[in-house]
Amino acid sequence: MSAPTSDQLRRYAARTLLPFPTLQAAINQMGFVQADPIRAPARAQDLMLMQRVQGYRAGDLERLYPELDVEEDYFPNYGFVSRSVWTLLHPRTPHPPRIERDAPGLMERVLAQVQEVGELHPRAAGEVFGRTRVGNNWGGSSSAATRALEALHHAGTLRIARREGGVKVYGPARPHAPSLTQQERLRALVMVLARLYAPASEAGLRQLVGLSHYGMPGLLAELRAELKAAVKDGELIRAEVDGLSYLWPADQTPEGDPPAGVRLVAPFDPLVWDRRRFEHLHGWAYRFEAYTPPAKRVLGYYALPLLYAGKAVGWANLKVSGGELISDIGLIAGIRRTAAFERALAAELERYRTFLELKG
């Protein structure tokens, strides 16, 4: 088979925007939805899901979470994973967490408390175990009880049962008996990433696999080895397009039909995450500038790439003020605001008003 063109790869990538009838179906298919707390105009996880789930509204994931077969976890960043992906992540390689050194025995006592009461809010944990603070991984300090809850969650002993005002409420993890070998689990995780981000630049997929060591601590070398093996075994196809090496699953054909009209997608959307691929397939460099000093921003604080018939032709900064959706649209050079484009943009902004449940 000859190598696909960049246009074919762009159309192939846009297949991920095809709608799912239910939130559970989308989560099962994607396997992972990256989370981000910034609301501009909604959290990243909601922005990604509104593009893929019919009738989705901002906050639906958090509201429906207790009823869904989904978990919060690290893979390759922090976010939401399907139950099947969670079973690939656990059990994790045991390693003594820092909280065990800082507060010996606290994890065991916190676990016993959760098992007794069923659910535990960090505030309630502080009331039971005291307000002692210990160092965290960001150079500051956190409640020792909260750190114990986080460590037990990472170990797979506890799960996030729900959120209360955005705060994690912990409960006992659901039983899980591993049925795959460690090597089989690692290969399967590599393929989850390859499917979600396909067609991925080879460098981009290597980066994603590298980040996955947060989800599979101590196994970075093994994860990288499974990526190489997947290519060697033919489970992943490699092709060079315009000098850039791409990878995609062998059971997929690099083709597809992008959705018509305008789509405004999140900065962490699978369509955008691989910046090398984005620049190659769309012809310009997207930059996430939320943490860039305002005077140095080019696109804006939380610019959403603007896709027109599957091709990124600009960006939008959206905010809600006084119950109204305010939009600031930017287009790359050479793009004309035709009547057809304006109608498509107006339809997408109306979709956002519905998604955000704004009146009028």
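Heads up: these notes are all about the structure in this document. Because the structure is predicted, anything quoted here is derived from the model rather than measured.

Thresholds, definitions, all that
- Residues numbered from 1 in each chain as written.
- Predicted model: local features only at pLDDT ≥ 70, side-chain atom pairs only at ≥ 80, totals over all residues.
- Heavy atoms only, no water.
- Pairing = 2+ DSSP bridges.
- Helix = DSSP H or I, 4+ residues; strand = E, 2+ residues; numbered from the N terminus.
- Contact = heavy atoms within 4.5 Å.
- Axes fitted to C-alpha atoms, helices over the stretch in contact; angles between N-to-C directions.
- 1 Å grid on protein atoms, 1.4 Å probe; cavity = no way out; pocket = protein on both sides within 12 Å on 5 of 7 lines; lining within 4 Å.
- Points joined across faces, edges and corners; volume = space filled by probe spheres on them.
- Nonpolar A, V, L, I, M, F, W, Y, C, P; charged D, E, K, R; others polar.
- Salt bridge = Lys/Arg side-chain N within 4 Å of Asp/Glu carboxyl O.
- Buried < 20%, exposed > 50% of the residue type's maximum accessible area, 1.4 Å probe, protein only.

## Describing the sheet that holds strand β10 (residues 244-249)
- If you trace the 3 strands from one edge of the open sheet to the other, you get β8-β10-β9, paired in antiparallel fashion. Looking along the sheet, the strands with just one partner apiece sit at the ends: β8 (200-201) and β9 (236-241).
- Bridge count for β8 against β10 is 2 bridges, and the pairing is antiparallel. If you follow S201 over to β10, its bridge partner there is Y246.
- Lying over the sheet, helix α13 (residues 275-282) contacts β8, β9 and β10, oriented at roughly 105° with respect to β10.

## Re the layout of surface pockets
- Counted as a void, the second largest pocket has a volume near 450 Å³.
- Along the walls of the second largest pocket sit 22 residues, with E72, Y78, R163, G166 and K168 positioned nearest its centre.
- Only α3 (44-50), α4 (60-64), β3 (78-82), α9 (144-154), β6 (158-164) and β7 (167-172) provide two or more residues apiece to the lining of the second largest pocket.
- Among the residues making up the lining of the second largest pocket, the classes are represented as 10 nonpolar, 3 polar and 9 charged.

## Some details on the pattern of salt bridges
- Per the stated rule, a full pass over the model turns up 25 salt bridges.
- A salt bridge links D69 to R174; the nearest nitrogen and oxygen atoms lie 3.3 Å apart. Placement of the pair is D69 in the loop between α4 and β2 (70-74) and R174 in the loop between β7 and α10 (182-196), with a sequence separation of 105 residues.
- Here D69 falls in the partly exposed class, since its relative accessible area comes to 33%.
- We classify R174 as partly exposed; its relative accessible area is 30%.
- Overlapping salt bridges, with partners in common, bring together D69, E71, R83, R159 and R174 in one network.

## With respect to the sheet that holds β3
- In spatial order, the strands read β1-β3-β2; together these 3 strands make up an open sheet with antiparallel pairing. Single-partner strands in this sheet number two, and they are β1 (32-34) and β2. Strand-to-strand twist of the sheet, defined as the mean angle between neighbouring strand axes without regard to direction, takes the value 30°.
- Lying over the sheet, helix α2 (residues 23-30) contacts β1, β2 and β3, oriented at roughly 100° with respect to β3.

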